Amino acid sequence: MNQDTGLYCDLDRILLTREQIAEKVHELGAAITRDYEGKKPVLVCILKGASVFFADLIREIELPLTLDFMAISSYGSATKTSGVVRILKDLDNDILGKDVIVVEDIVDSGITLSYLTKILMQRGAKSLKIAALLDKPARRKIPELKVDYSCFNIPDAFVVGYGLDYDQTYRNLPDIGILSPRIYEQK
Ligand code: 5GP
């Protein structure tokens, strides 16, 4: 994708390049492979934002894992969380007695994941860990939420690309960039 035109023009700057992302995703895959040796974890992709990260991560894990998908509402088209979390698409399979790894794009306030992890534990998961591509620790509203694996801590800015959207756009950017505020302030 040409970085001088199109979607890239809406970015203030690139925060993480595809090469930086690939390196960290590779390291995370190796860590999960080590930590879950002898187990068959279920990897749960939180749609749609984690889809690109998920596709890359599962191919870096050398274990007999299974996949499942869940969609929950968080932002709508705004850039601030509403605090309202709704399940739009539930898991296809039972997780009773399973080692579950929830794969999320970004942890911001932590409201979404704190809600979700409670629900999944109530369903009898044997263990549950969170793997997030990005973490914005400065924005956390649920301090007790433990992010077990994360690839990058990032500053308090609104980012898009590599699966992350603004108003459903920019998910196909191969890199992660800070969206220019003029894009959402003009709305
Ligand atoms: P939380 O519940 O932790 O506040 O919000 C998590 C969700 O908010 C993420 O899954 C993501 O959908 C959205 N989100 C938070 N920060 C950003 C951001 O910088 N960019 C984008 N595109 N989404 C974000």
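About the thresholds
Residues numbered from 1 in each chain as written. Predicted model: local features only at pLDDT ≥ 70, side-chain atom pairs only at ≥ 80, totals over all residues. Heavy atoms only, no water. Helix = DSSP H or I, 4+ residues; strand = E, 2+ residues; numbered from the N terminus. Buried < 20%, exposed > 50% of the residue type's maximum accessible area, 1.4 Å probe, protein only. Lys, Arg positive; Asp, Glu negative; His and termini not counted. Salt bridge = Lys/Arg side-chain N within 4 Å of Asp/Glu carboxyl O. Contact = heavy atoms within 4.5 Å. Pairing = 2+ DSSP bridges. Axes fitted to C-alpha atoms, helices over the stretch in contact; angles between N-to-C directions.

(A) Spatial organisation of the side chain of Asp10. Along the chain, Asp10 turns up in the segment before β1 (11-16). One buried charged side chain, Asp10, makes no salt bridge at all; its nearest oppositely charged neighbour is Arg182, positioned 4.1 Å away. Not counting chain neighbours up to four residues away, the residues in contact with Asp10 comprise Tyr170, Leu179, Ser180, Arg182 and Ile183.

(B) Fine view of the pairing of strand β9 (residues 176-179). Relative to β9, β1 runs antiparallel, the two sharing four bridges. Looking across to β9, one finds that Arg13 is bridged to Ile178.

(C) Spatial organisation of the sheet that holds strand β4 (residues 86-89). With mixed pairing, six strands are arranged side by side in an open sheet as β4-β3-β2-β5-β6-β7. Here the strands that pair on one side only, and so sit at the sheet edges, are β4 and β7 (149-153). When the angles between neighbouring strand axes are averaged without regard to direction, this sheet yields 30 degrees. Looking at chain direction, strand β3 (residues 66-73) and β4 are connected through three bridges and run antiparallel. Counterpart to Ala71 in the pairing with β4 is Lys89. The strands touched by helix α3 (residues 111-122) are β2 (42-47), β3, β4, β5 (99-107) and β6 (127-135); relative to β5, the strand with the most contacts, the crossing angle is about 170 degrees.

Everything listed here is a matter of geometry and, on its own, says nothing about what the molecule does.
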